[in-house]
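Spelled out from the first residue to the last, the chains are:
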Amino acid sequence: MTRIPYTPSLPGPSTTDGLDTAINWGLGAGSTAYLARMLTAPATHGIDLDRTAVLYMATGSEWPETRFLIEEFMLPLLREHGVRLVQLARNGHRKEDGFTVLDDSRSPKRLLARGPWMPRHNPTSHL
């Protein structure tokens, strides 16, 4: 895991990566449907999947069923198309604490649910 101090730029991808599209994936029905549509018909939307990164922020509060479904259906779709998935987590509650890049891969094997820091009030932090 790479720890990155807070900077105004996006952690993970850099300005020299040649990316032109970043998709924020919250794992909800809306962002997952959008991502599935982009992966199955990218040319329809003018997206070059080689120049696309999908960003996911691990909060530690995803339901086990959500993680199972993502690993069963969406990660294989991301792998099939070779789309870059950057999994991030916060290092602390302050902006200055920055982020950790948990995984940065075009062939993600699993969804990482936790990072180095999770809020105490998280009702599913034991998962």
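In the block above lies the structure referred to throughout.
Because the structure is a prediction, the values reported are computed rather than measured.

Chemist: What should I look at first to understand the side chain of R84 in this one?
Modeler: By the element assignment, R84 lies in strand β4 (residues 84-90). What makes R84 buried here is its relative accessible area of 11%.

Chemist: Is there a simple way to think about the environment of E72 in this case?
Modeler: Assignment of secondary structure puts E72 in helix α2 (residues 64-81). A sequence separation of 38 residues divides E72 from R110, and the C-alpha atoms of the two residues are 9.4 Å apart.

Chemist: I tried to follow the pattern of salt bridges on my own but got confused; where do I start?
Modeler: It is possible for side chains bearing opposite charge to pair when their charged atoms get close. Within the structure shown, the criterion is met by 3 salt bridges. Measuring nitrogen to oxygen at the nearest pair gives 2.6 Å for the salt bridge that ties D97 to R94. Overall, the relative accessible area of 45% leaves R94 in the partly exposed class.

Chemist: Hey, could you run me through unusual backbone geometry in this one?
Modeler: Excluding glycine, residues mostly have negative phi values, and the peptide bonds linking residues are mostly trans. Within the chain, L27 stands out as a residue other than glycine whose phi angle is a positive 75°. Relative to the assigned elements, L27 resides in the loop between β2 (21-24) and α1 (29-40).

About the thresholds
Residues numbered from 1 in each chain as written. Predicted model: local features only at pLDDT ≥ 70, side-chain atom pairs only at ≥ 80, totals over all residues. Heavy atoms only, no water. Helix = DSSP H or I, 4+ residues; strand = E, 2+ residues; numbered from the N terminus. Buried < 20%, exposed > 50% of the residue type's maximum accessible area, 1.4 Å probe, protein only. Salt bridge = Lys/Arg side-chain N within 4 Å of Asp/Glu carboxyl O.

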